[in-house]
Each structure stands twice: as C-alpha cells, then as structure tokens.
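# Chains, contacts and geometry: an overview
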Amino acid sequence: MKRVKKMQYESPKSIDDAISLISNSPGNVRLLAGGTDLLVQMQSQVADPDLVIDIKNIKEMKEFKKEDGVYTVGAAVTGMEIIEHEEFGSDWPGVVDGVKLIGSIQIKGRASMGGNLCNASPAADSIPAMIASGASAVIAGPNGRREVLVEDFIKGPGKTSLKSNEILLSVKFPIKKPNSSGAYLRFTPRTEMDIAVVGVGINVTMSDSGICEEAKVSIGAVAEKALVVEDAATALVGNKITDEIIENFISKVRASARPINDKRGTVDFRIQVIGVIAKRALKMALERIR
Amino acid sequence: MSDTVAYEEKKLKIIGTRPIRPDGVDKVTGRARYGADINLPGQLFGSVYRSPYPHAIIKSIDVSAALAIPGVKAAITGDDFEDMPSQFIPVGEMVVNFRDMTRNVIAREKALYDGHPIVAIAAISESIAKEALKHIKVDFEILPHVIDVVEAMKPGATLLHEEQYTLIERKRLGSEPTTESPPKEPSNIAKRLTWEKGDIENGFSKAHIIIEKEFNTKPVHQGYIEPHATVATCTEDGQVEVYTCSQGHFVIRSQCAKLLGIEVSKIKVIPTELGGGFGGKNNVYLEPLAIMLSKIVHRPVKMVMSRNEVFRATGPSPAGHVKVKIGCDKNGNIVAADAQIDMQSGAFPGSPLPQATITCFTRYDIENVRVIGHDVTTNRPKVAAYRAPGAPIAAFGVESVMDELAEKLSIDPLDLRIMNAAKEGTQTYYGVTFPQIGFLETLKRAKAHKNYNIPLEKNQGRGVATGFWMNIGNDTTSSLNVNDDGTIALTIGTIDVAGGSRSSLAMMVAEEFGIDSDKVRVTTGDTSQLGFNFVTAGSRGTFAGGIVAILAARKAIEECKIRAAKTWNVPLDEVVWEDGYARPASSNVGGFDPLSLADIAKNATKTGGPIAGHSEKNVQGAGPGFGTQIVDVEVDKETGSVKILRHTVIQDAGKAIHPAYVEGQYQGGAVQGIGWALNEEYIYGDDGKLQNTGFLDYRVPVASDVPFIDTDIVEVPNPYHPYGVRGIGEVPIIPPTAAIANAVYKATGIRFNSLPLSPPKVLAAITKK
Amino acid sequence: MTRRHIEAKINGDNCDFLCESNETLLSVIRNQLQLTGTKEGCSTGDCGACSVMLDGRLVCSCLTLAVEVEGKNIDTIEGMSNGEDLHILQRKFLEHAALQCGICTPGFLIAARALLEKNPNPTETEVRYWLAGNLCRCTGYHKIVEAVLDAAEEMRG
C-alpha cells in the first residue's frame, strides 16, 4: 500500500525554536516568509518539502527599525511594509526601487526582501540594490549570529551561504552617507509582472563640488548571481560625472556582464541593455542627490 | 437573399441605450458560477497524465501503482475509447475529424505534443489524484519532432502522421480551376487550398510597382483567465449530465456523444458562466474523459485544468508563414495580389486556413487574385480558434505591404486603402458579392479622426491597418414565454461568451414588445431545453441570437394580438401592437381601452392559455464586418521597447444595440492584438517542450502596458438584420499587428516582418541599421 | 499527521476549518468555505483572480497557506457589498460596463478597493500600475480604469 506523503507545518515563536526545528528535522525543510516563491515551487512540484517552518510569528523577523542610523529590516518584513516606510524610502530609495519591482501589489503584500535574498534568483530585483547599498545579511545559527555582506551571502542560482542549520534574520543597512543616494532599474518586456532581463543597482556619494567620492554598482540577471562591478565604480570615483565618464562607466558594466541566452533574453540584448539601464540608474541616483 | 430577415428603419427607444447587464450583479458580487465553481454531491476528482515529450511512440502504459494508492478509483487510457474512422464534420469555425479528435482527447499510438493526455485518473481528492500521476509509468520511444511550420513542410521532415497525403482543393471564381495532382509521398502538409480570380500574371505585368515580402508570426494563446473545468456524471442507466464552461454546449454534447458512442438524448450539457473563451472553448478536452471516468466509478467526476495544462494542451492559434505580393499601377490601384499562407495546425490537421485565405485580400476590390494556403501538422497542441481565427496572420502581411506601397507611391496609407476599398457590389475572390458594407466609412472616419492628425515627436510613429471578417449566422434557437404578469422569460441556447449578448437580446425583445428591457429576463438554456445551437463564434451571438429572439418575440406579439381580438371580439386585422399595448387599429374598431402586455398575460388562461413564441433557424445574412485602426507608438531606441501611446478603433457595427459592449469588444480585441504584436509568443526549447507555461512568461498585456483605447462606432446597417446588426467581435484583433509594425517603421525606419516585435528583435534591428 | 484545525474570521464572521498543511487559502475559501467568488486563474500569483485581503493586506490567496491564517481576518468579494447596497466600485463597474466574462472581476474589485483605501485620488497611471497584478483578457482595461477613477471621484465626495 502506498501512502501519500503529508507535509508538516510549524510556526515557531522564537529564533531558538526555529533553529532547533531546522537542525533536528530530517527530510526536506523549507522556511516560509511570504511564500511567493515557495508556494509557486510547491504548486509546480519543484519543491516538495516535508516540513515548512513559518518564520513570520517570530517577533524579530518582523522588526523594522532604525538605531543610530542603521536600519535593520527583519527577514519577514513584507515588500509593502518597506515601500510604505517613508523615512527608509528617502534614505535608501534604490532599495525601495528594487522592492517595488518584486511583483504585483498582491505579491508584495506577502513577499519579503529576506525571501527575495534567500531565494537567490539571479534576476532578483532587490538584491543588486541591497548590494549597492552595502547591506549585510544577519544570520542566526546554533552558535550565535554572524553578519555577511549581501554579495557574499549569494553564491549562485538558488544558493546562499546559509548552512543547513542557519536562518536569515534580517538585512542591515549601513549609516547612510550625506550626499549619497541610489537607484535600481531593470529592463522587462512588460511594464510590470515580469522577471528582470537585466537589472542595475547603484549607490553614489558626491562631494559638494560634484566629484564622485564613492560608488558601488551591482548588476543582476546577467550572471549566475548578482555581481559587484568594481571597475564601473572605479570609473566614477574621483571624477565629475561627464558624458565621457558615463561612457566609460557603461563599457565597464557591459564588460563584466556574462549573461546567457534564455526565454527572457539573448546574450547580445542583455549586454547591450545592461549598459543602457546602468546609465539610466546612475542618472537617477545623481538626480536624487540634487 | 432568401430566408433572411430584412432591416427596417424605425425609431428606437431601447436599442442604443446602455442598461446594466443582467449578469452584472452576479459578477461583481462573486455569485456568478463558472466551470470550477460547480460541485456535485459525492464527486471524485480527475487529473490527467500528460506526455512530457513532443513526439513519442507509447509502447506501454502501467497504471497499477497509481491504482494501488488508497483513494484512487479509476484510470483510463486511449484504449477505453472506441477508435473513430477518418470523417470530417464541421464544429465551431473549423472542420473536425473524429479520428483526430479522439486522439487529441487522449493519445492512442503516439504522443504528438508536450502536454498530450495519455492517462486520466479519478480519485477521492484533488491531492490524491495529482499524487497518483507520479506513479504512472509509460514506456515511450522518443521520436524526432518538428514544430516550425517551414521546417515541417520540407521534404524529409519528421512526419507526425505517416499516412497523411496532401489533400488538394482548388477554387477559381467564374470558371473551373486547373487540376493539380496530389503528391505521391506522405507529408506534414495536410491540405493545399487555392483560391483564384482573374489572371494574376497578366495583372502583375501591368503593375507600375510590385512589393513582395515574407512574414512570420508565432502561435499565441487565447489567454482566457478561466482554466477549462467540467463536472460530469453518468448514471447506471447511461444518463449523462455535464456541467462545463464552453462556447457551445450543444457542440460539446455532439462531440461527447460521438466520441463516447452515446445517443444525443442521453447527454445533457448544462452551461456554466464562461470565464473567457475567444475561440479556445469550442471543443472538448476534459468532458469525454470526465464522462468516461464517471461511467466507470458511478460517481460524478470533476476535472479542472491547471494554467500549465491550459498553455500546454489547449488553444493556441497557429503560427503562420506568409508570402504576400501586391502590384499597383502608378495611381495606386491594385492590379494583382498573390499570397501564400502556411499555417501550423498542430498535432492534427485543421488550422483556420479557410478563414485566413478568404480574409486575406478581401478588404480590397482586386481583379486578379491568387491565395494559396497550406495546413501543416506539427508537434504542438492542435490549434483552436482564436478571435477571427487565421485573419490576423494574413492581415499582418497584407497590411504591411499596403503600407510600403503607400510609402513608395507617396500616397497617404488611408488614401491608398480608400482608393481600393471593397464596397457594395464588390465580388470577392471566394464568390460572395458584398451587400451594403461600411468599410469606406471606417476609412474616411479614420482620415478625419483627431487622432490621425495629432503631431508626433521624436522616436514616435503612426501606423494604420484594416481588418475584415465575414461573420456568420448558423443554427440558433430561442424560446420566449410571456409570464403571467406580462414580463418576459427568454431562453437562449447561444452562450453569452462575455460580450453581453444576454443584455443585447433582452433589449431587442424589449424593443419589439415596446417594454423596458429589465422586464425581459434572459436565461441560457441547457441542451435539453432547446434545439441545437452552434457555438458562439465567428461573431454570431448578438446577430444570430438576436434574429431568433426577435422572431420569437414577433410570434408572441402576434399571439397577444389574437388574444386582444378575442377579448374585444373583433377581427385580428383590427388590432395593432404599439409601445407595449394592443390597440384598436382605428377609432372605427370601437372604443376599446388599449390592453397592456400585463393585461393580456393576466387573462391568458381565459383567452386560450399561456402565450409564447419560439424560433429555430439556420440564420443567414450575417453582415460583413470591417474596421480601421490607428496606432501611435514610441520606440525606446536604446532598449528596443515599444510603447503604445494611442490606439484608435473605428469599426462598422451595423447597429450598436448596447454601445458600451460594442466599445468593450473593440477595446478588448485591440489589446489582444497589442499583445500579439509586442510580447506574446509560444517559446519552445530544443527539446520541443513549451517553456512559457504560465502568465509570467507568456506575456499578455497588463493594465500598465496599454493606454485608453479610443473607439468610434460606425453604423452602416446590415440589410439582413431587423436592427441592422453585424457581428463585431472578431474584427478588432485583426488590424493591430500590422498597424503597430507600420507605426514602428515610421518611428525607426525599419520594417519588421516577424512577430512579436519584442525588445530583443527591435533592438537588434536598430543596432544593425 | 492529521489535518489542522484553524480558526479565523472571514468577511467579519468567525469561521473554522480543517486543512492539510500544504493546502492553499484559496482552496479552503473555495472548497471548504464555499465562497467561490474568489477565482483560480493560475495558482502562481500571476493573474490576481484570487485576490483577497488578509489582515488588511491585498494578497494572492493562491500563494498563502491556509494554516497561516490562524486568528487572521480574511475579506473576499462576498463581503464587499453592504446588504442591498453595492460598494461604489461594484456599482461603477456595472455602470461603466467594466466587466465582460467577469472571471477577473472579483479580483479587480478587491484590488481596486485596496488602492482607494490607500490613495483616494489616484492618477490613471497609478490605477494602471496598482492593478497590473490583475489580468483581464476581455476588456483591454479601458472601462475598468475608467470605473475605478470614477468611483474614486464619487468616494471623495
């Protein structure tokens, strides 16, 4: 007699309980925040978990706070909560650009930035923006907590540096520098409800005299994971942002893209358009500083 | 024309107003019941195991492990169905061969596309039914596959049907066609269809300019939001009841009866509210499987497709490869036109080739015409009709070439069309001579439209294109009863496929009686209540449904007059019907107070019994439909993205019974056309599997992708409808693809000959330039 | 493992149900609570036909597990009108003929109400972007957008 497998669901109230569950449960264990990736995977039978651990009832996972200029966004804070946080939006507009594109209003009513990060899609919209902002992932495990930069947290498609007994707790943003701002832009065939064909997150800090003091650039959907483009940042730093500098910046962005052909775009198209989108994102960020 | 109902010009009270649709409140409150909303006591749940391969021999099927799961009650395969002989029967807008249809419902020897049903399961819950699918073992011998229409036509291409020899059909206007011997080798070309008029070689020899181009379009899906759903129950004595969401429950009944070998009287199909069809719900998919499962388990069986199944195994439209050659004299008069249309029919023959070929050049009055079409089998789902089936594919080519001719001749593109437009008396190459039509009016109104004259900015362009659909009538029935309080119950058998035909029919009946339209309640009857109705397709619902509703009303009104004559004891010809009242024909008849419909109904028992009217008719006289559209686009030259700035639909409705629903058809069809033009396409991997099986990557337009769609309703009455109605549903989807491509040309200087105009394609062309 | 017992509120009324842990909220709403006004168009969050409010948030019920709604408030289309009085949006959808087949209509109404609660005076563009998660294949969106803008105006007074 065959038996139909039954999925189990747990909703722990504390981080310790969650870690204990994840450490001691055999089989396929999946964490649930907004569920907008996990449930799609379950529906299409890509995921078939034995246990789902819902982290939304853990207080810390839902915390969204600013302390000494540092924002901590709990891993289960929804996209809409982030978008509606006016102060966060004015400090980190690029991150909000990315979060706004995660999906429809319905999706963002559930989906979290933490989930977007852990799902680790190469085309995730909030990840390049987080990277450009210098954000880090706060991770809890049986032996305490650790922090790792978002670019180091992501390892590849669907892969992160989380160990099997660790949980993403929150995303932490550094103190925002004066005269700095950011932007995230992507290209999609439709205006909404699409997956990024390319995406660019950027953060720049300018001096009063219009010299770029600091820059961080991250590109999405053009490699196995979101990349940091140091060459592109270097092309900006120390310079006034002239057309010539922008051209150089674009060429550095394009040079670091290593996309594939798939149903959403071709290699040529992605390399071409990532430069265009990078230029537009840069201009948007500069506009926001002014 | 014999057997038609003539147009009568009269003052209208109800027609042309905008009452709220009778199905509206149910739809805004969630009460309306669609296919998946129906549940029957004791029902089981069915699910379908589908081929994971585009082309494979089914060597064996083992369902024993699935049946061993507790709660799994039955499993059926192709062997549970009788095989059918090759026999062509018209169904919907297409001709169906039941040998093929039984194989499309559930595979027999071979799986012919990714998603082809192979086994159907019934179980006590949806989750168990789905789980059971994982335990079905099928031994496949994978075969090479062919999906592209041009590849499939090549000699030596992988064959889907080893016994398929090209059927030759030639038609020549006015004389016998030359014969053509059929090929001796089997091929994927199921049919070669040729239409000829005049002498094209002689015609082209007189041309000052000839433009010849090749075009390609991709398959697109109807994209209805409601997945196919059905609940069927079969009793121990073989009585079958089926609830299903379809465009024609009588056709579903006929197909099920044939496929299952059941007498028609034993099957009752009850239509549910339809959550969109657009041609894709004219044929059976789940119904025969659910009936067969129910027959085995003696319980109702409910089956609902997932979105993945809808994309992989239903619809879509064909892909088309089209060659167009048009020649003009130096003034712009078309002297000859030639086209070849190769259409993917999918796994079985039967693409909308007739429709594509006859609509191809028919907007224009051309002396010398030839259109050749090929119906080509390929390893993808059997195509289904999609709004004006076939026509947009042909029009994309023809209207693009027309635009180029206008440019080369330095003639305004609308003027070139005005110069060549078909009008009353024009004989088409397929034989029909047009009665009064409104094509010229749409062109002239387009030329004068404010949107044709708005100045454009950099990177913007304006394009125009036109569309034609012949429209149809076909078998239609209705039954009308005057209730005891003088309200009306109208039962119709032609499904309201969403356009609001229930409202329009109520309005026409109310106009006939001279009462308010909310006094008429329209119900869609099940198959046991009325005579046969054809599917709602080809823009026939309001036209044909309207005619039988009007005829039923007229019979009932005649009866009302008889009752009044009886009451007054006067001869019948001394009673007239006016504004909802029987009145004495003149003051000489006597000083009788007029009798309202309510008065007559109240006394019906005393005057002879209940009052009713009914009509059953193969409705003739569908008025040809024409439209012109103007589109403004802006092209982002750095990304290849095309934005629709303005979109204007100008179309002849004959008469807009309910103008808001006419506008709704124009707007909805235009946006489907925008999707076809810009981003919708079936994407197959090298493995022959469909890659975009969901709404995320099958990109129908979302609200933020489109502007308001401006509409202008032209009303040139159809002489064969009492109120002048023409079908309007199909035409709006025909012009957008070419209009958009023509606009993109104006914005970029690049002519695009293949759809969709997706950003990578547009950007690559801009970069190359 | 046996099914889970969940208590919640639906359209203001207490309700409870038993569900499998992997069952979606949409499935429970439709199949157990028999509120079939919420529709399933894709089950992957791409069409919006299953839109409901969950504790005041617009969500896709197809991407929510039923076990997650313990103690929560769910609002569906069935709770939108107030007795005989249709919600202004429902009335405007009827007046503007903003529906054809109607399968997407409940989702659009729930989403549009959520928009107008947050933004009583949206622009056409804001309406279009907010409703981008709801697919309609019949109307081309024209009359839906008109109806929402008109409803907003009437609601503002």
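Every value quoted in this text rests on a predicted model; they were computed, and no experiment measured them.

With that settled, consider the overall build of chain A. When you go through chain A residue by residue, the secondary structure sums to 12 helices and 14 strands. For chain A, the C-alpha radius of gyration of 19 Å lies close to 19 Å, the compact-globule estimate for 290 residues. A principal-axis box enclosing the C-alpha atoms of chain A has dimensions of 70 × 45 × 30 Å. Within chain A, the proportion of its 290 residues that are buried is 57%. Restricting the contact set of chain A to residue pairs at least 6 apart, pairs at least 24 apart contribute 59%. Only carbon and sulfur atoms are counted for the fraction: they give 48% of the accessible area of chain A, which is about 11,600 Å². Taking the 38 positively charged and 36 negatively charged side chains of chain A as two groups, their mean positions are separated by 5 Å.

A few words on the nonpolar core. Ranked by internal contacts, the top residues of the largest apolar core, which has 191 residues, are Ile326, Phe361, Val633 and Ile740 of chain B together with Phe93 and Val148 of chain C. Among the elements that take part in this core, helix α11 (residues 391-408) of chain B stands out by supplying 10 residues, more than any other. If near-sequence neighbours (up to four positions away) are discounted, Ile326 of chain B is found in contact with Phe204, Ile209, Ile210, Ile211, Ile334, Ala336, Ala337, Phe361, Val398, Val401, Met402 and Leu405 of chain B. Of all hydrophobic cores here, the second largest spans 84 residues; its members include Ile53 and Val95 of chain A together with Leu25 and Ile29 of chain C.

Residue and element names in this part refer to chain B. Reading across the sheet, the 6 strands line up as β9-β10-β18-β17-β16-β11 and stay open at both edges, with mixed pairing between neighbours. Two strands bound the open sheet, and with one partner strand each, they are β9 (167-172) and β11 (209-217). Sheet twist, expressed as the mean angle between neighbouring strand axes with direction ignored, is 10 degrees. In this fold α11 packs onto β11, β16 (320-328) and β17 (334-346), with an angle of close to 145 degrees to the strand it touches most, β11.

Every contact between the two is made by 29 residues of chain A and, on the other side, 30 residues of chain C. Interface area lost by chain A to chain C is led by Tyr9, Gln106 and Arg110 of chain A, which between them contribute 27%. On the surface where chain A and chain C come into contact, there are 5 salt bridges. One salt bridge in this structure joins Glu68 of chain C and Arg110 of chain A, with 2.9 Å as the shortest N-O distance.

This part is about the pairing of strand β3 (residues 51-54) of chain A. Residue and element names in this part refer to chain A. Where burial is concerned, the two faces of β3 agree: the one with Leu51 and Ile53 and the one with Val52 and Asp54 are both buried. Pairing between strand β1 (residues 8-10) and β3: 3 bridges, direction parallel. Paired with Gln8 across the two strands is Leu51, which belongs to β3. Here strand β2 (residues 29-32) pairs with β3 via 4 bridges, running parallel. If you follow Leu32 over to β3, its bridge partner there is Asp54.

When cut into domains, chain A gives domain 1 (8-54), domain 2 (59-173) and domain 3 (180-289). Centre-to-centre separation of domain 1 of chain A and domain 3 of chain A, based on C-alpha positions: 35 Å.

Residue and element names in this part refer to chain B. Under the defined criterion, the tally for this structure stands at 12 cavities of 30 Å³ or more. In this structure, the largest cavity encloses a volume near 560 Å³. The wall of the largest cavity is formed by 40 residues, among which Val497, Gly499, Ser539, Gln665 and Gly729 lie closest to the centre. Elements with a contribution of two residues or more to the lining of the largest cavity: α14 (501-513), α15 (541-568) and α18 (659-678). Taken together, the residues of the lining of the largest cavity sort by class into 16 nonpolar, 17 polar and 7 charged. Here the lining of the largest cavity spans two domains, since at least three of its residues come from each of domain 1 (24-32 + 473-619) and domain 2 (428-471 + 623-768).

Turning next to the sheet that holds strand β15 (residues 301-304) of chain B. Residue and element names in this part refer to chain B. Taken together, 7 strands build an open sheet; the order of strands is β3-β7-β1-β15-β12-β13-β14 and the sheet is mixed. Looking at strand neighbours, the two that pair on one side only are β3 (72-77) and β14 (267-271), the edges of this open sheet. In this sheet, neighbouring strand axes are inclined to one another by 20 degrees on average, regardless of whether the strands run parallel or antiparallel. Across 5 bridges, the pairing between β3 and strand β7 (residues 117-123) is antiparallel. Bridge pairing links Val72 to Ala123 in β7. Along the sheet, helix α7 (residues 249-260) makes contact with β13 (240-244) and β14, crossing β14 at roughly 150 degrees. Where helix α8 (residues 287-297) meets the sheet, it contacts β1 (44-50), β3, β7, β12 (229-234), β13 and β15, and its direction lies at approximately 35 degrees from that of β12.

Further remarks concern the interface of chain C and chain B. In this assembly, 44 residues from chain C lie in contact with 52 residues from chain B. Summing the contributions of chain C and of chain B, the shared interface buries around 3,800 Å²; its carbon and sulfur component is 61%. The largest per-residue losses of area from chain C upon contact with chain B belong to Leu94, Gln100 and Arg137 of chain C, which jointly make up 21% of the total buried on that side. Scanning the region where chain C abuts chain B turns up 4 salt bridges. Notably, a salt bridge pairs Lys39 of chain C with Asp37 of chain B, separated by 2.4 Å at the nearest N-O pair.

Conventions adopted
Residues numbered from 1 in each chain as written. Chains lettered and ligands numbered in written order. Predicted model: local features only at pLDDT ≥ 70, side-chain atom pairs only at ≥ 80, totals over all residues. Heavy atoms only, no water. Helix = DSSP H or I, 4+ residues; strand = E, 2+ residues; numbered from the N terminus. Rg over C-alpha atoms; globule rule 2.2 N^0.38 Å. Buried < 20%, exposed > 50% of the residue type's maximum accessible area, 1.4 Å probe, protein only. Contact = heavy atoms within 4.5 Å. Areas by Shrake-Rupley, 256 points an atom, 1.4 Å probe, with all protein chains shown as cover. Lys, Arg positive; Asp, Glu negative; His and termini not counted. Charge placed at Lys NZ, Arg CZ, Asp CG, Glu CD. Core = buried A, V, L, I, M, F, W, Y, C linked by side-chain atoms within 4.5 Å. Pairing = 2+ DSSP bridges. Axes fitted to C-alpha atoms, helices over the stretch in contact; angles between N-to-C directions. Buried area = accessible area lost by both parts, 1.4 Å probe. Salt bridge = Lys/Arg side-chain N within 4 Å of Asp/Glu carboxyl O. Domains from an automatic or database assignment. 1 Å grid on protein atoms, 1.4 Å probe; cavity = no way out; pocket = protein on both sides within 12 Å on 5 of 7 lines; lining within 4 Å. Points joined across faces, edges and corners; volume = space filled by probe spheres on them. Nonpolar A, V, L, I, M, F, W, Y, C, P; charged D, E, K, R; others polar.

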